[in-house]
Amino acid sequence: MGEVIAFYILALIIVLGALAVVTGRNLFHCGLSLAAVLLAVAGLFILNGAEFLAWVQVLIYVGAVLVIILYAIMLSENITGERILLISQNRGVGFAAATLVFALIAFLGISLSGLLAGHTSSVKDPVLALLEGADSNVIVFGTLLLTRYILPFEFASVFLVIALIGALVIARTAE
Amino acid sequence: MTLTEISRAIARFLGFDPPTDQAAAQVILALIDALLIFGFLMLGVLVLIYVFRKIVGFIQARLGPRYTGPRGILQTLADALKLLRKEDIIPRAADRIAFNLAPLMVFLPAYLVYIVIPFGDPETGLVVRDLNVGVLYLLSISSVTVIGIVTAGWASANKWSLLGGMRSGAQLISYEVPMTLVFAVPVLLAGSLRLSDIVRAQGEFFWQWNAFRLDFFPFTLLAFITFLICALAETNQTPFDLPEAESELVAGFHVEYSGFKFAIFFLAEFGNTIAISAIATHLFLGGWKAPFPFLPDSGFWSLGWFFFKVSLLVLLIIWIRGTLLRVRIDQVMELGWKVLLPIGLICVTGVGLLVSIRPSPTEQAKQKVAVVSECPVSLQKDDGPFRWCRTHGRT
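Here the structure is a predicted model, which means the values were calculated and not measured.

Assigned secondary structure in chain A consists of 7 helices and 0 strands. Starting at the N terminus and ending at the C terminus, chain A contains elements arranged as α-α-α-α-α-α-α. Burial statistics for chain A: of 175 residues in total, 23% are counted as buried. In chain A, of all internal contacts separated by at least 6 residues, the share reaching a separation of at least 24 is 52%. As presented, chain A carries roughly 11800 Å² of accessible surface, and 77% of it is formed by carbon and sulfur atoms.

Printed below as a string of structure tokens:
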């Protein structure tokens, strides 16, 4: 019961916040609404028992990415003295695209849940078996990340380093 | 009496007789817990500000507060009341929504941090929620503070506050990186993200605590010092108080704030100082443990030891604040990125290497009781990274 109430509160925050992000006129307010959305998504992760993912979401998206976004807005708006107002011109296209994506996700979700309901008990997923033995899913998460998913994990870190160096190079030449 | 028992007693006093399984009763208990933490925060900050003024007065050869109450102990209370009665001014050009939200966004993280901090041995019940991802929770919650400060600086529509907010944002982000790295050192040593596990993994004697332990000698001590420097920067304490440098920025991001909202900023800053000292105590100074095993540290003794260590760290911060000069902003950035970040990387790599080569005594003890069979067979065959699973599985 409590979980259902919490879910609806979080869902309401996410939907209203996301609407505010795309329809808001003031860029800074859009950024703050995005913060609310990201925090509520972290709340959804907690409801699903993924504490690690939730706090990493807060740390990286709210604590780092969003701060950079706000920073950029602040620099462009108050230093140049221009007020940037957002006027979205292609709302219709955006609405249509959003509806399509929503329909796709809903369709996938419904069909997948039907598939999963068919064979839950037959084969036990090794990941689920790991989860049952551990007292926190962080350990399982770390183990899997450094064993089964080591290649994507390392690839992602190399990719990030490349992006970082690329950004440095671009910033240098612009000087 | 534990924290839960206290909140239960209060609930009973208020007329609720809460059985634990009822959702409503749990909500009430959680609310009482929240209020207790809030009370602690207020009381702690009240005491801290008085002590701070007295000590800085002593350092600067002044007397500090004297007239309100015996030896001036009521001065902070009087100041708080004065701030609450002041007129709340919002500049005409300010962005009203963001201006009003910003103090809340700075205060909430400072308050929420206390949820996972054990005030003593958690077996005595001196913690609200001993989360299994406690360290990560601390990092992520405190990283939200920046948004509040940046918002305050932007919404005031004042160039001083804007510059202050920007400096603060840059500084907080820069020092978060080495801070996160050195947070990993005690986590690696304990093999857990739970704060109480990190404290339990540290030895009984004070030279076995993470800051002073000899088996990982240069790395853990370096990590502790790096943590202290980052803590000063994250809480805007003196060598790094550029976001509110009076001589150049008037008061930084909170220039335009007055009355109650200013009081909230102030409260958050001092609350953060206590919180960061508490975190340093748990991560590096053995938490609630006594420095020698023959001294009592069970039950409520643990509370005493915890507050003793936290007070020492807070005094150290005040001492630094009263002694050192403010550094320049480019020096702050250089220290963060060119000195502390490499040191943090060295600490993490060094400790990680040592842990993987020779498990520390606490690790070995864990290994003995670890139930290997709880890992699936496919994972047991392989050594290497899977050792993690075996040593850190359920004991």
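Back to the text.
Let us now look at the environment of asparagine 158 of chain B. Residues and elements named next belong to chain B. As for its placement among the helices and strands, asparagine 158 is situated in the loop between helix 6 (145-155) and helix 7 (159-190). In this structure asparagine 158 comes out as buried when scored by relative accessible area, which is 13%. Placed 178 residues apart in sequence, asparagine 158 and glycine 336 show a C-alpha to C-alpha distance of 28 Å. If we ignore the near neighbours within four places in the chain, the residues touching asparagine 158 are Gly153, Val255 and Glu256.

Before going further, it helps to examine the environment of leucine 195 of chain B. All names here are of chain B. For leucine 195, the position within the fold is in helix 8 (residues 195-200). For the pair formed by leucine 195 and valine 116, sequence separation is 79 residues and the distance between their alpha carbons is 7.7 Å. For leucine 195, the contacting residues outside a window of four places in its chain are Val116, Ile117, Pro118, Asp130, Val135, Leu138, His282 and Leu283.

Attention now moves to the confidence of the model for chain B. Residues and elements named next belong to chain B. The share of residues in chain B with pLDDT of 70 or more is 83%, and the mean pLDDT across the chain is 78. Across residues 368-395, confidence stays below pLDDT 50; counting only partners more than four residues off in sequence or on other chains, it has 42 contacts. Interface confidence for the predicted complex, expressed as ipTM, amounts to 0.78; the pTM equals 0.80.

Time to look at the packing of aromatic side chains. Residue and element names in this part refer to chain B. One pass over the structure, following the stated rule, counts 22 aromatic pairs over all chains. Where phenylalanine 38 meets phenylalanine 107, the ring centres are 6.1 Å apart and the plane angle is 85°; that geometry is what we call edge-to-face. Residue phenylalanine 38 is located in helix 2 (residues 23-59), and its partner phenylalanine 107 is located in helix 4 (residues 96-112); the two are separated by 69 residues in the primary sequence. The class of phenylalanine 107 is buried, set by a relative accessible area of 10%. Taking the centre distance of 5.6 Å and the plane angle of 70° together, the rings of phenylalanine 52 and phenylalanine 270 count as edge-to-face. In this pair, phenylalanine 52 is assigned in helix 2 and phenylalanine 270 in helix 11 (residues 259-284), connecting sequence segments 218 residues apart. Of the two residues, phenylalanine 52 and phenylalanine 270, neither departs from the other in class, the shared state being buried.

Reading the values: rules and limits
Note that residues are indexed from 1 along each chain, following the sequence as it is written. Lettering for chains starts from A, numbering for ligands starts from 1, and both go in the order in which the items are written. Totals for whole chains, interfaces and linings use all residues, but because this is a predicted model, local features are given only for residues with pLDDT of at least 70 and pairs of side-chain atoms are given and counted only at 80 or more. Side-chain calculation: all heavy atoms of the structure are included, whereas hydrogens and water are not. The way it works is that DSSP assigns letters per residue, a run of H or I at least four long becomes a helix, a run of E at least two long becomes a strand, and they are numbered from the N terminus. Each residue gets one of three labels from its accessible area relative to the maximum for its type: buried under 20%, exposed over 50%, partly exposed in between, using a 1.4 Å probe on protein chains only. Contacts were defined at the residue level, with two residues in contact if any of their heavy atoms lie within 4.5 Å. Note on areas: these come from Shrake-Rupley sampling with a 1.4 Å probe, and a residue is covered only by the protein chains present in the view. In predicted models, pLDDT denotes the confidence assigned by the predictor to each residue on a 0 to 100 scale. Within 6.5 Å between ring centres, the rings of Phe, Tyr and Trp (the latter by its six-membered ring) count as paired, and their orientation is classed by plane angle as stacked under 30 degrees, edge-to-face over 60, tilted in between.

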